[in-house]
Amino acid sequence: MTTAIAQRPPEAAGTRQFTHSASERVRNVVSMTRRNLVHISREPMQLSDVTIQPVLFTILFIYIFGGAIPIPHGGSYKDYVLAGLLALNLTTSTMGTAVGLATDLHEGIIDRFRTLPMWRPAVLVGRSLADLLTACLCALVVAVTGLAVGWRTSAGPLAVIAGFALVLFFAYSLSWVAACAGLNSKSPESAASFGFIVLFPLAFVSNALVPTQHMPGWLQAFADWNPVSAMTAGARQLWGNPNPSAAISAWPMQHPIEASLAWSALILAVAAPLASRYFRRRTTE
């Protein structure tokens, strides 16, 4: 008499499900954040886009282009452009999120994480928090450089902090869009193109560096509804810096703080679930 023994098919690598408590998820996120920061400390040139680039852009636009750019209704270009330089640097620096995730996928690091009993979204959350910390460093560099070249604000400490927080919130939401791009890229090189195709036009076709009043009508309409313009105008309003966009009738320019918060929340609400979906798809292929 033979006994038939039902054998369970072996589990595919990375398909096991683990339950995680809230404290375990927090520990996993902290570990992933620390892992990304340690990786940066071993290759400091990765910080060039948030340390060296802001200094170069500040000198370039203030001392070379600043004298040729008139500000409607008057005001110093130094005071006008600092919020724009902060927006420009933080927007373009999110390209590192896309490149970092694409590199981890390309080199097989994510496959190693799949074999560990960890909360999988911690990979994405840890990456986004590490990038937020580097964004804070970028904001500090921009502020110090701006003070060194003559930028001043008439606002109080809370308003100044609120202005930086407004820009950092937008940069954090945009990092999730970059994560979607990185997770859908075949290589780190293709992920890097995300910055030139999406981020640079988004940052430059705005009121970040020049007033939109001098743009052609169709381009001004786009720039006035550009989320980067709302974020920049909101920071200028909070800091008491020249804000010629306040004279424009478009709703985001009349309510830049509310518009920036709305844009940031909308982008985060859409991009974060999409990034999680793309991550599950890439890690179960």
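Residue numbers restart at each chain and count upward from 1, following the sequence in its written direction. With pLDDT at 70 or above as the cut-off, local features in this predicted model cover only qualifying residues; side-chain atom pairs require 80 or more to be listed or tallied, and sums for whole chains, interfaces and linings still use all residues. The side-chain figures draw on all heavy atoms in the structure; neither hydrogens nor water molecules are used.

Chemist: Whenever I open this one, a positive patch on the surface confuses me. Can you help?
Modeler: On the surface, a cluster of positive charge is made up of Lys-186, Arg-277, Arg-280 and Arg-281. The helix and strand labels rest on DSSP assignments: H or I over at least four residues marks a helix, E over at least two residues marks a strand, and numbering proceeds from the N terminus. Here Arg-281 lies in helix α12 (residues 256-283). Exposure above 30% relative accessible area and no salt bridge define the residues that can form patches, which grow by joining like charges within 9 Å and nonpolar side chains of Val, Leu, Ile, Met, Phe, Trp and Tyr within 5 Å. With residues, only the protein chains shown are counted as cover, and all accessible areas are computed by Shrake-Rupley using a 1.4 Å probe. Any Lys or Arg side-chain nitrogen found within 4 Å of a carboxyl oxygen on Asp or Glu counts as a salt bridge. We score Asp and Glu as negative and Lys and Arg as positive, and we do not count His or the chain ends. Working definition for charges: the position is that of NZ of Lys, CZ of Arg, CG of Asp or CD of Glu.

Chemist: I tried to follow the side chain of Asp-131 on my own but got confused; where do I start?
Modeler: Tracing the backbone through its elements, the reader meets Asp-131 in helix α6 (residues 122-149). Among buried Asp, Glu, Lys and Arg side chains, Asp-131 stands out as unpaired, with Arg-127 the closest opposite charge at 4.1 Å. In the analysis that follows, any N or O atom pair within 3.5 Å is treated as a polar contact, provided that within protein one partner can donate a hydrogen and the other can accept it, and provided that, for residues neighboring in sequence, both atoms belong to side chains. In terms of polar contacts, Asp-131 uses its side chain to reach the side chain of Thr-97, at 2.4 Å. Exposure classes here rest on a 1.4 Å probe applied to the protein chains alone. A residue is buried below 20% of its type maximum, exposed above 50%, and partly exposed in between.

Chemist: Would you mind showing me how to read helix α10 (residues 227-239) here?
Modeler: A turn of α-helix holds 3.6 residues, and therefore any two residues three or four places apart point the same way. The span one expects for a helix is its residue count, reduced by one, times 1.5 Å. Between its first and last C-alpha atoms α10 spans 18 Å; for 13 residues at 1.5 Å apiece the expected length is 18 Å, and the two agree. Counting buried positions along α10 gives 12 out of 13 residues, so the element sits mostly inside the fold. For α10, the full list of buried residues reads Pro-227, Val-228, Ser-229, Ala-230, Met-231, Thr-232, Ala-233, Gly-234, Ala-235, Arg-236, Leu-238 and Trp-239. Structurally, α10 contributes buried residues whose contacts are with α3 (77-93), α7 (157-183), α8 (188-204), α9 (217-225), α11 (251-254) and α12. Of the residues flanking the start of α10, the one acting as N-cap is Asn-226, its side-chain oxygen 2.9 Å from the backbone nitrogen of Val-228. Where α10 ends, the next residue or the one after it, Gly-240, has phi of about 70 degrees, a positive value. Here a residue-residue contact requires only that any non-hydrogen atoms of the pair lie within 4.5 Å.

Chemist: Explanation requested: a nonpolar patch on the surface in the structure shown.
Modeler: Among the surface-exposed residues, Ile-59, Tyr-63, Ile-64 and Phe-65 lie close enough to one another that they form a single nonpolar patch of about 410 Å² accessible area. Note that Ile-64 resides in helix α2 (residues 48-65).

Chemist: Just to check I follow, could you spell out the pattern of salt bridges for this structure?
Modeler: Note that side chains of opposite charge can pair when their charged atoms are close. Here the structure, examined in full by the defined rule, presents two salt bridges. Linking Arg-35 and Asp-104 is a salt bridge whose minimum nitrogen-to-oxygen distance equals 3.0 Å. In this pair, Arg-35 sits in helix α1 (residues 22-42) while Asp-104 sits in helix α4 (residues 95-107), placing the two residues 69 residues apart along the sequence. Judged by relative accessible area, which is 25%, Arg-35 ranks as partly exposed. With a relative accessible area of 6%, Asp-104 lands in the buried category. The partner of Asp-104 in a salt bridge is Arg-127, and the shortest N-O contact between them spans 3.5 Å. Within this pair, whereas Asp-104 is found in helix α4, its partner Arg-127 is found in helix α6, the two being separated by 23 residues in sequence. No difference in accessibility class separates Asp-104 from Arg-127, as the two residues are buried. One salt-bridge network, held together by shared partners, links Arg-35, Asp-104 and Arg-127.

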